[in-house]
Amino acid sequence: MLVKAHAKINLLLDVSGIRPDGYHELTTLMQTLSLCDDVLLEPAPEINLAVEGSGLTAGPENLAWRAAGLLRQRTGYRGGAGIRLIKRIPLAAGLAGGSADAAAVLLGLNKMWRLDLGMRDLSQLGAELGSDVPFCLWGGTALCRGRGELVTPLPALPPAGVLLVKPHFGVSTADVYRRYDALPDPGHPDSRRMLTAVENADLSGVAKNLGNSLERVTLAMHPEIGLIKDAVAAAGATGVLMSGSGPTVFGLFPDPPSAVRAAGRIKKDEYWVRACRIYGRNYG
Ligand code: C5P
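Treat the numbers as computed from the prediction; the structure is a model and nothing was measured.

What counts, and where the lines are drawn
- Residues numbered from 1 in each chain as written.
- Predicted model: local features only at pLDDT ≥ 70, side-chain atom pairs only at ≥ 80, totals over all residues.
- Heavy atoms only, no water.
- Domains from an automatic or database assignment.
- Contact = heavy atoms within 4.5 Å.
- Buried area = accessible area lost by both parts, 1.4 Å probe.
- Salt bridge = Lys/Arg side-chain N within 4 Å of Asp/Glu carboxyl O.
- Polar contact = N/O pair within 3.5 Å; in protein donor to acceptor, adjacent residues only side chain to side chain.
- Helix = DSSP H or I, 4+ residues; strand = E, 2+ residues; numbered from the N terminus.
- Buried < 20%, exposed > 50% of the residue type's maximum accessible area, 1.4 Å probe, protein only.
- Pairing = 2+ DSSP bridges.
- Disulfide = S-S within 2.5 Å.
- Near = heavy atom within 4 Å.
- Areas by Shrake-Rupley, 256 points an atom, 1.4 Å probe, with all protein chains shown as cover.
- Nonpolar A, V, L, I, M, F, W, Y, C, P; charged D, E, K, R; others polar.

Participant: Describe the domain arrangement of the protein chain, listing the residues and the values that go with them.
Facilitator: Accessible area lost upon the coming together of the parts is a frequently used measure of interface size. According to the domain assignment, the protein chain consists of domain 1 (2–154) and domain 2 (161–277). Summarising the inter-unit geometry, the C-alpha centres of domain 1 and domain 2 are found 22 Å apart. Contacts between the two partners involve 27 residues from domain 1 and, on the opposite side, 34 residues from domain 2. Summing both partners gives a buried area of about 2,300 Å² for domain 1 against domain 2, and 68% of it is carried by carbon and sulfur. Taken together, the links from domain 1 to domain 2 amount to zero salt bridges. At the surface where domain 1 touches domain 2, the tally comes to 16 residue pairs in polar contact (both at pLDDT 80 or more). Of all elements in the fold, only strand S1 (2–18), strand S2 (24–44) and strand S5 (141–146) reach the threshold of two or more residues within the side of domain 1 that touches domain 2.

So this is what it looks like as structure tokens:
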């Protein structure tokens, strides 16, 4: 069985406070991209994992393995699964690659093992694995609250082009949030205006209202991200923002071919560069 595990970007990410559990309270608008990992599943007596296309470890600590283990443990299923991950989404990039793989494993094994769990149960399991996993189960365009795990699906956006540019380093999400907490005056993007733009499928309104509370934190750690933002804007994007805790920068384009042309203007020897497009829902 092949399940596509799609990357995401945050069109808006606002942090409204710290919770008693140490996580941060978020309002974020997430959008699935066409960029994806392939997750291949086959019946096997035990859980085993192979990873291709990345230096990611393939042991029980891998989020894909943990997803299979959690599903088996909670449902009492007795068999296993051979999982093959073909990675295309970069690691520690702000694109939810690990969460997407975990969500794909949950969705795929729910079918392959004939467990028949609904989205509510899958989302609860997903939230135990990571804050972005429930969104990755839904896919499409969604408003996410809580620590990111409370997902409200929204109407799909028009098929815009997206250019992704990532420097050759990753960042730790936990580290970015810690530094965010030390900011004297963090500032907030306008989530109402963004939500209105998304609800009206107004791509230029979306591009105008992009905002991410974590951007200044990661930018201060890595000023190179500012240079990347300038390069993506100069390549013709209608809006440019860092995704999640970074360091990947995305640019929005009115259509996918414009994003492909813009990719040709970014220095590929210095950065990881991909043109893709926004992508619809996995489920429902
Ligand atoms: O949920 P996930 O494991 O993806 O989160 C990684 C880290 O990011 C957490 O350990 C936490 O430090 C931070 N985080 C947070 N608030 C959130 C989501 C993540 O502080 N809403």
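Structure shown, so let's carry the discussion forward.
Participant: Please set out the pairing of strand S7 (residues 161–166) residue by residue, giving values where relevant.
Facilitator: Within S7, six of the six residues are buried, which leaves the element mostly enclosed by the surrounding structure. Residues Gly161, Leu163 and Val165 point to one face of S7 and Val162, Leu164 and Lys166 to the other, with burial holding for every one of them. Bridge analysis of S7 against strand S11 (residues 272–277) gives six bridges, and the strand direction is antiparallel. By the bridge assignment, Leu163 is partnered in S11 with Ala275.

Participant: Quick one: what's the story with the state of the cysteines, residue by residue and with numbers?
Facilitator: Under the definition given, this model contains zero disulfides. Left unpaired, Cys36 is separated from the closest cysteine sulfur, that of Cys276, by 10.0 Å. Of the residues examined, Cys36 reaches a relative accessible area of 9% and is grouped as buried. The thiol sulfur of Cys136 is not disulfide-bonded, and the nearest other cysteine sulfur, from Cys144, lies at 9.1 Å. Relative accessible area serves as the criterion here: at 7%, Cys136 is assigned to the buried category.

Participant: Describe the site of the ligand, and please don't skip the residues or the numbers.
Facilitator: Around the ligand, a shell composed of Gly22, Tyr23, His24, Leu26, Gly130, Ser131, Arg147, Thr173, Ala174 and Tyr177 is seen. Between the ligand and the protein, one listed contact pairs an oxygen atom with a side-chain N or O atom of His24 at 2.7 Å. Arg147 places a main-chain nitrogen or oxygen 3.0 Å from a nitrogen atom of the ligand. The protein chains hide 72% of the 450 Å² of surface that the ligand would expose on its own. For the shell around the ligand, the elements supplying multiple residues, two or more each, are S2 and helix H5 (173–181). Among the elements that make up the shell around the ligand, the one with the highest residue count is H5 (three residues). Tallied by class, the residues present in the shell around the ligand amount to four nonpolar, five polar and one charged. Among the domains, domain 1 (2–154) and domain 2 (161–277) are the pair contributing at least three residues each to the shell around the ligand.

Participant: Just give me the short version of the pattern of salt bridges, but keep the residues and values in it.
Facilitator: In total, this model carries 13 salt bridges according to the counting rule given. The closest approach of N and O atoms between Asp37 and Lys87, which form a salt bridge, is 2.5 Å. Of this pair, Asp37 sits in strand S2 while Lys87 sits in the loop between strand S4 (80–86) and helix H2 (97–112), and the two are 50 residues apart along the sequence. Each member of the pair Asp37 and Lys87 is classed as buried.

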